[in-house]
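Architecture and fold: a report
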Amino acid sequence: MLKIYNTLTRKKELFQPRIPGQCGMYVCGMTVYDYCHIGHARVMVVFDTVARHLRHSGYALTYVRNITDIDDKIIQRAHDNGEAFTDLTERFIAAMHEDERALSVLPPDIEPKATQSIPDIIAMIETLIGNGLAYVGGNGDVFYAVNKFAHYGQLSGKNLDDLQAGERVGIDHAKHNPLDFVLWKMAKTGEPAWPSPWGDGRPGWHIECSAMSTCCLGNHFDIHGGGMDLQFPHHENEIAQSEGATGETFVNIWMHNGFVRVNEEKMSKSLGNFFTVREVLKAYQPEVVRLFILLSHYRSPLNYSNEQLDEAGIALTRLYTALRGLALATGLAIDLGYVGRFKQAMDDDFNTPVALAVLFDLARELNTAKAAGDAEQCAQLAATLRHLGGLLGILQSDADSFLQGDADEAIEQQIQARIAAKKAKDWALADQIRDSLKAAGVILEDAPNGTTTWRREG
RNA sequence: GGCUGCGUAGCAAAGCGGUUAUGCAGUGGCCUGCAAAGCCAUCUAGUCCGGUUCGACUCCGGACGCAGCCUCCA
C-alpha cells in the first residue's frame, strides 16, 4: 500500500486515486531562460522516480510537466541577448531535454507550454472575473482578489492577516490588496503579447499552471508536485485560481521536494551558488549524479559537494562491481524477498535511501554467491539487482562500460605484460606495471584464476 | 516578527517505543606473491533539559541551533 506525504495535511496518507488504477500527476517544470542546475535536476529525477514507481505499481499514470516559456525573466534575457524570446526558449528547452536524457529521466506524457495555452488561460481568467474573484486593476492588469477566496493559505499554513503584517513589498496602488497577484499583465511596447479581452498582454506566472493542469488532467486530479519554494505563493495561488474557477477540489496530494544546498544554503539562481547539470556532468557520470540525488529522501535537504558526488560514485562502483562478469540475461526468476523489501521502502513515501540499502544488501549476497561459485544463485541475484536498479533508473549499463569507460588497447597490453611477469615471478616488474597504471587512474584486480580485470578510479 | 521543517555515530543518510539500517572511512581477520576487489568480525550515535512509559534516538513539552517560505526561485 503506497503512502505519500501530503503537504496539505502534513502527514503521510494512503494513496487512493480518484479513479481506481489511474493517476494524474502534474509537476511544475522549468522556466526556460537558462541551463538547468542541480536543483532542477533533483525535481526531474525525483518525480521521474515517483512516476516509475506509480507505473510499476500498476497505475495508469498521466504525467504532466509544464514548461514556462514566457515570463519577465525570459523577456529580459532575450532583450539582453538581442534575440527573439522564442529563440531563447527553444534553445534552453533543447538543453533541458538533453540534461534530462543524460540523467535517465523519462519524458513526461504531456509537456504543455504556457505560450500554447493562451486560450485556456484567457478562458479561466474570464471565469474568475465572472465569479467575482478577479478584477481589472488601475493599470489595466487583471488581478486575483485573494480575500474573496475563503481557503486562501490552506496549503502554506499562512493566513491573510499574518501575510499582511509581514508585507515587505512596496504598495502597488493598481491592486485592491497588496497580496493580490497578476493573472494577466498588459504588454509594454515591444514586449511579446497576445490579444485578450483586457488588451494585448501575457499571462501571469501562476495562472498558466492552473490552466494547463486542469486542461490536461481535469478539474480535480491526484498529485501535484514541485520544489518546496513553490508552496507559497505559487501553489497557493494555483489552488485559489483553479478552485475559484471550477468550484471543485483541485488536487488531492501535494508533494514538495527539498532543496539542493551548497554550504548549508539553498542553491538558487539569485544567490548565484548554482552548478548547472552540464557542468557537473563534465566531472561525473550521469548515473552517479542520479544516484547522488536518490541517496537522500526527496523531502530532505541535499547538500551538494564533490565529496558527496565522489561517495555516490564509489557506491555505484560497488553495485556495478557486484554485477561484473555476469551475463545480462533477461527473463530470469527474481528474488521476491528483495523485491518485497524494495517495494515496501518505495511504498513508504518513496524512500529511496532504504530502497538503495536493499540493493546494497543484495550486492553483498551476490558477491558471496560469486565467491561460492553458485552460478544459478548469481544469475538470479544479478537479475534482481538489475531489475530493482531499473525501477530507480540506475544499473542499466554494462558493468564493464561503467567501470572502465572507453576500451583502451594500451591498458590491455600492459596487463598482458604484467601477467607474463607474474608467471616469471618477476614481482618487481609486475608491481611496477601495476603502479604505473594506478598513477594513470587504472586499478588492476587479479582474479584467482590468473586473469586480471581493471577499472578506472573514481 | 509570522509560518514550515529539521537536529542521528569520523562523514553521508534511513527506519524503529525494547532486536544488524545502508554507503564511505577506521580497526582485526580470511583471501592474495604483494595488492585491489570481495567476505567475516568490530569501534565511533541520537543537541540540551524535563515529562509519559517497565523501557525512548523513536511519543509529549521546553530550551538552543540550523534551513526554508513570507519577494523571482525547483
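Structure: above.
Bear in mind the structure is a predicted one, so any value in this text is a computation, not a measurement. (Residues numbered from 1 in each chain as written. Chains lettered and ligands numbered in written order. Predicted model: local features only at pLDDT ≥ 70, side-chain atom pairs only at ≥ 80, totals over all residues. Heavy atoms only, no water.)

A few words on the sheet that holds strand 9 (residues 221-227). Read from one edge of the open sheet, four strands run 4-3-9-10, paired in parallel fashion. Pairing within the sheet leaves two strands with one partner each, and these edge strands are strand 4 (60-65) and strand 10 (251-257). Direction aside, neighbouring strands of the sheet carry axes that sit 20° apart on average. Bridge analysis of strand 9 against strand 10 gives six bridges, and the strand direction is parallel. Within strand 10, the residue paired with G225 across the bridge is M255. Sitting on the sheet, helix 1 (residues 38-56) is in contact with strand 3 (22-27), strand 4, strand 9 and strand 10, with an inclination near 165° to strand 4. Along the sheet, helix 6 (residues 205-217) makes contact with strand 3, strand 4 and strand 9, crossing strand 3 at roughly 160°. (Pairing = 2+ DSSP bridges. Helix = DSSP H or I, 4+ residues; strand = E, 2+ residues; numbered from the N terminus. Axes fitted to C-alpha atoms, helices over the stretch in contact; angles between N-to-C directions. Contact = heavy atoms within 4.5 Å.)

What follows deals with the protein's contact with RNA strand B. Surveying the vicinity of RNA strand B reveals 61 residues, the closest of which are W205, G227, L230, M267 and R434. Near-protein atoms of RNA strand B (within 4 Å) split between backbone and bases, with sugar and phosphate holding 64%. The separation between a phosphate oxygen of RNA strand B and a polar side-chain atom of R318 is 3.3 Å. In this structure, D446 approaches RNA strand B through a main-chain N or O atom, which is 3.0 Å from a base nitrogen. Each residue belonging to the surface near RNA strand B can be placed in one class, and the counts come to 19 nonpolar, 21 polar and 21 charged. (Near = heavy atom within 4 Å. Polar contact = N/O pair within 3.5 Å; in protein donor to acceptor, adjacent residues only side chain to side chain. Nonpolar A, V, L, I, M, F, W, Y, C, P; charged D, E, K, R; others polar.)

On to empty space enclosed by the protein. It is a probe the size of a water molecule, rolled over the atoms, that shows where empty space is left. What the rule picks out here adds up to two cavities of 30 Å³ or more. The calculated volume of the largest cavity comes to roughly 70 Å³. In this structure, the largest cavity is lined by V46, T49, V50, I293, L294, S296, Y298, F350 and T352. Elements that contribute at least two residues to the lining of the largest cavity include exactly helix 1 and helix 9 (286-294). No other element matches the three residues that helix 1 contributes to the lining of the largest cavity. For the lining of the largest cavity, the residue count by class is six nonpolar, three polar and no charged. The computed volume of the second largest cavity comes to approximately 30 Å³. For the lining of the second largest cavity, the leading source of residues is helix 1, giving three residues. (1 Å grid on protein atoms, 1.4 Å probe; cavity = no way out; pocket = protein on both sides within 12 Å on 5 of 7 lines; lining within 4 Å. Points joined across faces, edges and corners; volume = space filled by probe spheres on them.)

Attention shifts here to the pairing of strand 7 (residues 181-186). Across three bridges, strand 6 (residues 142-144) lies against strand 7 in antiparallel orientation. Across the sheet, residue Y144 finds its bridge partner in strand 7, namely F181. Pairing of strand 7 with strand 8 (residues 201-203) involves three bridges; the strand directions are antiparallel. What sits directly across from M186, in strand 8, is G201.

On to the pattern of salt bridges. The tally for this structure, following the rule as stated, stands at 24 salt bridges. By sharing partners, the salt bridges in this structure join D72, K185, E191 and R202 into a single network. (Salt bridge = Lys/Arg side-chain N within 4 Å of Asp/Glu carboxyl O.)

An ideal rise of 1.5 Å per residue puts 30 Å on 21 residues; helix 12 (residues 352-372) measures up with 30 Å between its terminal C-alpha atoms. Taken residue by residue, helix 12 has T352, A355, L356, V358, L359, L362, A363, L366 and A369 as its buried positions. Projected down its long axis, helix 12 shows its buried positions confined to an angular sector of 145°, all on one face. Those residues of helix 12 that are exposed and aimed more than 90 degrees away from the buried face are R364, T368, A371 and A372. (Expected span 1.5 Å × (residues − 1). Buried < 20%, exposed > 50% of the residue type's maximum accessible area, 1.4 Å probe, protein only. Arc of directions from axis to C-beta.)

Scanning all chains against the criterion turns up 13 aromatic pairs. Ring centres of Y144 and F181 lie 5.2 Å apart, and the angle between their planes is 5°; on these two criteria the pair is classed as stacked. Of the two residues, Y144 sits in strand 6 while F181 sits in strand 7, which places them 37 residues apart along the sequence. In this structure Y144 comes out as buried when scored by relative accessible area, which is 0%. Taking the centre distance of 6.4 Å and the plane angle of 70° together, the rings of Y298 and F350 count as edge-to-face. Pair noted here: Y298 is in the loop between helix 9 and strand 13 (302-303) and F350 is in the loop between helix 11 (336-347) and helix 12, with a separation of 52 residues, a long-range link. On the basis of relative accessibility, which here comes to 2%, the residue F350 falls in the buried class. Joined through ring pairs, the aromatic side chains of F221, F250 and W254 make up one cluster. Sitting above the plane of the Y33 ring, K269 keeps its charged end 4.2 Å from the centroid. Here R299 stacks its cationic end above the ring of Y5, 3.9 Å away from the centre of that ring. (Phe/Tyr/Trp six-rings, centres within 6.5 Å; stacked < 30°, edge-to-face > 60°. Lys NZ or Arg CZ within 6 Å of the ring centre and 35° of its normal.)

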